[in-house]
Amino acid sequence: MALPFFFNPQLEQSSKTIQLDEATSKHVAQVLRMKEGEQLNLTNGKGLLARMEITAATKKSCSVMLLESEFSAHHASRRTGIAISPVKNSSRFEWFLEKATELGVSDIFPLLCTRTEREHFRFDRMNAICISAMLQSQQTWLPVLHQPIAFDELVVNSEIPLNNYTHKWIAHCTVQKKQPLVTSLTKAMKDSLILIGPEGDFTPEEITTATKNGYHPVALGDTRLRTETAGMIAAGLLILC
């Protein structure tokens, strides 16, 4: 039976003992009814997985001791960034975050476009959804969820380190020459960033700006997709193809 899996950002390879936070302690001691001597897994979301033994268990404070640890490289074969516009229905965007995390996306940029209808972004809640999805899928890498960023700032500003992707695409619905994303991919690609627009799609000006800055226009299929569906298809193709 798999050990219970928890997140602790303070975990390091040099850690010998860890004091779990109150929420995790309550889950361990009160929900799972775990006792001293039982074991659990901890990850810091940066590739480190540690098997720990409980040395004290109360619903407000649990202590654990390191038994063994290992570091794993990111499981995805490519570094994958998804820059996607938030949508009016926040539950649909939360669904995207959950599924993108399960797939192993590296970076998620909430992208504020001209036609973005929802600009209020509850970062703590959204990041918590990513953490929960990481634990549910028993991964040791948490995607970096960035603060919302304006379209021009991400696409044009070369000073943003995480925008220095070798392969960059923009998926849009405008009728013009586009190559299917699936035929654009090769196994040799190591880092990819794709832009996914809002419910009203990118404006012609945004498409022009992106193409002038090295983003290649691509299609994600023959049907018109919701924003979060397009994000999921793009993530799946970039990671699995």
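Here the structure is a predicted model, which means the values were calculated and not measured.

## Things to note about the layout of surface pockets
Piece 1. Estimated volume of the largest pocket: approximately 370 Å³.
Piece 2. Of all the elements in the fold, those that place two or more residues in the lining of the largest pocket are β13 (216-219) and α7 (227-240).
Piece 3. Among the residues forming the lining of the largest pocket, the class breakdown is 9 nonpolar, 5 polar and 7 charged.

## Observations concerning the packing of aromatic side chains
To describe a pair of aromatic rings, you give the distance between the ring centres and the angle between the ring planes.
Piece 1. Tallied over the full model, the rule gives 4 aromatic pairs.
Piece 2. Relative to W141, the ring of F71 has its centre 6.0 Å away and its plane inclined at 75°; by these criteria the two rings are edge-to-face. In this pair, F71 is assigned in strand β5 (residues 62-71) and W141 in the loop between α3 (123-136) and β8 (144-145), connecting sequence segments 70 residues apart.
Piece 3. With centroids separated by 5.7 Å and ring planes inclined at 55°, the aromatic side chains of F151 and F202 adopt a geometry described as tilted. Of the two residues, F151 is situated in helix α4 (residues 151-156) and F202 in the loop between β12 (191-196) and α6 (204-212); the sequence distance between them amounts to 51 residues.

## Describing α7
Piece 1. Taking 1.5 Å of rise per residue, the 14 residues of α7 would be expected to cover 20 Å, and the 20 Å separating its terminal C-alpha atoms lies within 8% of that figure.
Piece 2. Of all 14 residues making up α7, 11 are buried, and the element is well covered by its neighbours.
Piece 3. Taken together, the buried positions of α7 are occupied by T227, E228, A230, G231, M232, A234, A235, G236, L237, L238 and I239.
Piece 4. Lining the buried residues of α7 we find β6 (79-84), α2 (90-103), β10 (167-171), α5 (181-184) and β12.

## Looking at the pairing of β12
Piece 1. Burial within β12 is extensive, with 6 of its 6 residues counted as buried.
Piece 2. Residues of β12 alternate between two faces, with D191, L193 and L195 on one and S192, I194 and I196 on the opposite face, all of them buried.
Piece 3. Inspection of the sheet shows β6 paired to β12 by 6 bridges, in the parallel sense. Its bridge partner lying in β12, T80 is registered against S192.

## Thoughts on the sheet that holds strand β4 (residues 48-57)
Piece 1. Strand order in the open sheet formed by 5 strands is β1-β3-β4-β5-β2, with mixed pairing between adjacent strands. The two strands at the open ends of the sheet, each matched to only one other strand, are β1 (5-7) and β2 (17-19). Neighbouring strand axes in the sheet, compared pairwise and without regard to direction, differ in orientation by 40° on average.
Piece 2. Pairing between β4 and β5: 9 bridges, direction antiparallel.

## Brief notes about the pattern of salt bridges
Piece 1. As enumerated under the stated definition, the model contains 8 salt bridges in all.
Piece 2. Across the salt bridge formed by R92 and E228, the nearest N and O atoms sit 2.8 Å from each other. Pair noted here: R92 is in helix α2 and E228 is in helix α7, with a separation of 136 residues, a long-range link. Each member of the pair, R92 as well as E228, is classed as buried.
Piece 3. The partner of K99 in a salt bridge is E98, and the shortest N-O contact between them spans 3.0 Å.
Piece 4. If you follow the salt bridges from partner to partner, you end up with R92, E199 and E228 in one network.

Conventions and cut-offs
- Residues numbered from 1 in each chain as written.
- Predicted model: local features only at pLDDT ≥ 70, side-chain atom pairs only at ≥ 80, totals over all residues.
- Heavy atoms only, no water.
- 1 Å grid on protein atoms, 1.4 Å probe; cavity = no way out; pocket = protein on both sides within 12 Å on 5 of 7 lines; lining within 4 Å.
- Points joined across faces, edges and corners; volume = space filled by probe spheres on them.
- Helix = DSSP H or I, 4+ residues; strand = E, 2+ residues; numbered from the N terminus.
- Nonpolar A, V, L, I, M, F, W, Y, C, P; charged D, E, K, R; others polar.
- Phe/Tyr/Trp six-rings, centres within 6.5 Å; stacked < 30°, edge-to-face > 60°.
- Expected span 1.5 Å × (residues − 1).
- Buried < 20%, exposed > 50% of the residue type's maximum accessible area, 1.4 Å probe, protein only.
- Contact = heavy atoms within 4.5 Å.
- Pairing = 2+ DSSP bridges.
- Axes fitted to C-alpha atoms, helices over the stretch in contact; angles between N-to-C directions.
- Salt bridge = Lys/Arg side-chain N within 4 Å of Asp/Glu carboxyl O.

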